[in-house]
Every structure is written in structure tokens, then in C-alpha cells.
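The primary structure of each chain is shown beneath.
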Amino acid sequence: MKKLLAFVLVACMILALGATAFADDNLVGVAMPTKDLQRWNQDGENMKAQLEAAGYQVDLQYGANDIATQVSQIENMIANGCKVLVIASIDGDSLGTVLAQAKEAGIPVIAYDRLIMNSDAVSYYATFDNWLVGVTQGKFIEKALDLENAAGPFNMEFITGDPGDNNINFFFDGAMSVLQPYLDNGKVVCPSGQTEKAVVATANWATDAAQARFENILAANYSDGTQLDAVLASNDSTALGVENALAASYTGAYPIITGQDCDIAIMKNLIEGKQAMSVFKDTRTLASKVVEMVDALMKGAEPPVNDTETYDNGTGIIPSFLCEPVACTADNYKEIVIDSGYYTEDQLA
């Protein structure tokens with residue numbers, strides 16, 4: 001009896017080891033920064049679903065916006081034998097050491113949406129055209145205020161995202177490539193004087209931080225009835241902070257406010273006229289492209305890319321695939337987010 005039990009135990013161990021080895025040969029590690037923002041939950045779940053549908057096993061982890069947690073998660077993915085890593089970094093400059101481990105283990109790394117900086121372990125980058133995101137926001141404000149023809153001046157404030165996220169350089173600089181000439185000629189003025197990227201950045205893209213900053217801006221510059229005409233907000237979580245601050249104290253005509261991601265809470269504000277636009281980035285499309293890239297790497301082929309000039313992470317140009325964003329407004333949101341199946345009518349009610 002004891003021999004039989006021992007045999008069964010050994011057999012089970014062999015089967016378990018065999019299953020683990022099979023999983024390791026097919027395992028993809030996906031590291032997302034946080035569950036605090038709706039978009040990262042959608043990105044992670046979309047990618048997991050599509051990778052699994054393609055036949056891969058997925059280790060999906062969220063880093064709780066804590067760099068040490070994300071590093072530990074990636075270390076575990078490497079130790080568990082992941083064959084490809086897909087990483088949306090919390091801080092693009094903080095993964096050099098752990099990614100050196102990935103490179104030593106021969107694991108390709110795809111930077112997801114946020115470019116990982118100063119690491120030669122980054123093999124590819126998948127994102128949306130982030131410069132075009134900013135340009136789209138800037139051109140929307142330009143058209144809405146008719147800056148090319150109107151006399152002005154128009155009062156505008158600015159807010160962007162986390163300074164550790166390399167994407168703000170593309171979002172903010174892309175928008176300012178459109179708006180800076182109007183600041184220079186005086187057609188647009190910023191009563192707070194806060195126009196520099198480092199000054200208008202928002203740690204962790206946090207809504208409460210954005211709201212606190214804008215409450216101070218409104219108290220100092222608009223409490224006397226001064227009209228606020230527009231706010232360039234780089235994404236929806238910062239735009240929501242602005243909108244919360246306006247609801248608490250602002251009494252003037254409602255300004256034009258931009259955003260990005262088409263979060264559910266913002267879509268409701270957009271439909272109600274509290275936000276003029278949000279740049280829609282269909283994460284299903286980006287997830288599909290990442291699955292193609294992972295599949296190619298797993299099979300020893302070259303992943304699809306469409307940009308080999310733009311994204312230098314400090315160690316060289318990273319081959320990239322850029323998906324195209326689109327402007328979503330109260331006039332076209334049904335076509336963009338409901339007819340496409342991204343949301344249902346009930347979700348936005």
C-alpha cells in the first residue's frame with residue numbers, strides 16, 4: 001500500500017512538473033500599472049482575453065501604482081518562465097535593473113502604451129500615436145474658439161499627467177505645437193501663468209490632485225468673475241478633477257475642456273456638456289496588435305511595426321506599432337463607442 005501511494009505521489013509530481021513546463025513554454029507576463037484608472041482595467045482584461053483566445057497562458061498583474069510592487073511582479077514573471085513580457089510601466093525610468101534580468105534570460109519585452117526609458121532590454125513598443133493625441137486636443141480647442149479668426153484674447157489653463165510617464169511629452173508637446181503660437185501672439189493668455197509642462201503635471205494622473213490644483217487656480221484667478229474659456233487636459237482623470245473644481249466654485253460660462261480615454265464617468269459628463277471632447281483610443285485594437293506581436297515573437301518571427309523613427313528610449317530607437325486615436329464628442333459618441341460595442345447605452349445612462 002505504501003509503495004502504491006508513493007508511486008501515485010511521484011506520478012502526480014511528474015504530471016505537475018510536466019504541466020508547469022508546458023505552461024512556461026506558453027506563458028506571457030502582462031504588467032499593468034494600476035486598477036485605479038478604468039482604462040488600465042480594460043487594457044489588461046482585453047489583452048488577457050485575446051492572448052488566451054490565441055492559445056497563450058497569461059500572468060496578468062496590476063502594480064497598484066507602486067514601483068517596488070511592479071518590479072517584484074516582473075521579477076516573479078521572469079522566475080516563473082514567461083517567454084514574453086508586456087509592460088505598461090508605472091515609471092518609465094525605474095525598471096532598468098529588473099529588465100536587465102529579462103534580457104539576461106532572453107525574454108523579449110514589449111513596452112505597452114508607456115515607453116520604458118533608458119533600458120536596452122526593450123524590444124518593441126505598442127501604443128497609440130501619442131503626438132497625434134495631443135495635436136487632436138490642440139486642434140479641437142483651436143477650432144472651438146476659432147483661434148485662427150477670432151480676436152481674443154481667450155483665457156486658458158493647462159494640465160497634464162504624471163511626470164514619470166514619458167507619454168506626457170507627446171500629449172502635452174503635441175497640443176502645444178498647435179496652441180503655443182496663440183500664447184506667443186497674445187490671442188490666448190493663461191491667467192495663472194502655469195504653462196510649463198513640469199508645473200502643470202499631475203502625479204499618478206490623479207483626479208483629486210488635479211481638482212486640488214484647479215481649486216487653487218480658480219480661487220486665485222477667476223473668483224472675480226474672470227471668464228475661463230478653455231482647459232487643455234491631457235486625459236479624462238485630470239479633466240474630471242478640473243470639472244469637479246468648476247462645479248464647486250466657478251460661476252462663469254462653462255469652458256471647453258479636452259480629455260483622453262473616454263472613461264465612463266467622463267462620457268456622462270461629455271453627454272451632459274461638461275466636457276467638450278475626449279480622445280478615444282480603442283484598447284481592443286491595441287490589444288489585438290500586441291497579441292500579433294507576442295505571437296510573432298513566440299514563433300521566432302518579426303513582429304509587425306509601423307514606426308522606426310519616433311521613439312528613442314535613451315538607448316536607441318524602439319521599433320513601434322502606433323494605433324490611431326480619434327476625437328469623440330457629444331455629436332459622434334454613439335457611433336464611436338456604442339455602435340462599435342465598446343460601451344452599451346445602459347453603461348452611459
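Residues numbered from 1 in each chain as written. Predicted model: local features only at pLDDT ≥ 70, side-chain atom pairs only at ≥ 80, totals over all residues. Heavy atoms only, no water.

Visitor: Residues and numbers for the sheet that holds strand E7 (residues 188-189), please.
Guide: Strand order in the open sheet formed by four strands is E7-E6-E8-E9, with parallel pairing between adjacent strands. Looking at which strands have only one partner, the edges of the open sheet turn out to be E7 and strand E9 (256-257). The sheet contact formed by strand E6 (residues 154-159) and strand E8 (residues 230-233) spans four bridges and is parallel. From the neighbouring strand, phenylalanine 158 faces E8, where its bridge partner is leucine 232. Each of E6, E7 and E8 touches helix H6 (residues 167-184); the most contacted strand, E6, lies at about 155 degrees to it. (Pairing = 2+ DSSP bridges. Helix = DSSP H or I, 4+ residues; strand = E, 2+ residues; numbered from the N terminus. Contact = heavy atoms within 4.5 Å. Axes fitted to C-alpha atoms, helices over the stretch in contact; angles between N-to-C directions.)

Visitor: Would you mind going over helix H3 (residues 67-79) in detail, with residue names and values included?
Guide: Spanning 13 residues, H3 covers 18 Å between terminal C-alpha atoms, matching the ideal 18 Å at 1.5 Å per step. Buried residues of H3: Gln70, Val71, Gln73, Ile74, Met77 and Ile78, and no others. Buried residues of H3, viewed axially, fall in a sector of 160 degrees; they line one side. Those residues of H3 that are exposed and aimed more than 90 degrees away from the buried face are Ala68 and Ala79. (Expected span 1.5 Å × (residues − 1). Buried < 20%, exposed > 50% of the residue type's maximum accessible area, 1.4 Å probe, protein only. Arc of directions from axis to C-beta.)

Visitor: Lay out the pairing of strand E11 (residues 320-323) in plain terms, naming residues and giving numbers.
Guide: Both faces of E11 are covered, namely the face carrying Ser320 and Leu322 and the face carrying Phe321 and Cys323. Where strand E5 (residues 122-128) lies against E11, four bridges are found, and the strand directions are parallel. Residue pairing in the sheet places alanine 126 in a bridge with phenylalanine 321 of E11.

Visitor: An account of the sheet that holds E11 is requested, with residue identities and associated values reported.
Guide: Spatial ordering of the open sheet is given by E2-E1-E3-E4-E5-E11, a layout of six strands whose pairing is parallel. Looking at the sheet topology across the chains shown, the edges are occupied by strand E2 (57-62) and E11. Adjacent strand axes in the sheet meet at a mean angle of 15 degrees when their direction is disregarded. By the bridge criterion, six bridges tie strand E1 (residues 27-32) to E2 in an arrangement that is parallel. Counted as the bridge partner of leucine 27 is glutamine 57 from E2. Against the sheet, helix H2 (residues 38-53) engages E1, E2, strand E3 (84-87) and strand E4 (109-112), with an angle of about 170 degrees to E2.

Visitor: How would you sum up helix H4 (residues 96-104)? Please name residues and give values.
Guide: Of the residues making up H4, those classed as buried are Val98, Leu99 and Ala102. Across the axial projection of H4, the buried residues extend over an arc of 95 degrees, all falling on one side. Turned more than 90 degrees away from the buried face of H4, the exposed residues are Thr97 and Glu104. Taken together, the buried residues of H4 touch H3, E3, E4 and E5. Just downstream of H4 lies glycine 106, where phi reads positive at about 75 degrees.

Visitor: Please set out the nonpolar core residue by residue, giving values where relevant.
Guide: Formed by 34 residues in total, the largest nonpolar core has its most connected members in Val30, Met32, Met47, Leu51, Val86, Ile110 and Tyr112. Once residues lying within four places of it in the same chain are set aside, the contact partners of valine 86 are Val28, Gly29, Val30, Ala31, Met47, Ile110, Tyr112, Val290 and Val294. Among the nonpolar cores identified, the runner-up in size contains 26 residues, and Ile74, Cys82, Ile87 and Ala102 belong to it. (Core = buried A, V, L, I, M, F, W, Y, C linked by side-chain atoms within 4.5 Å.)

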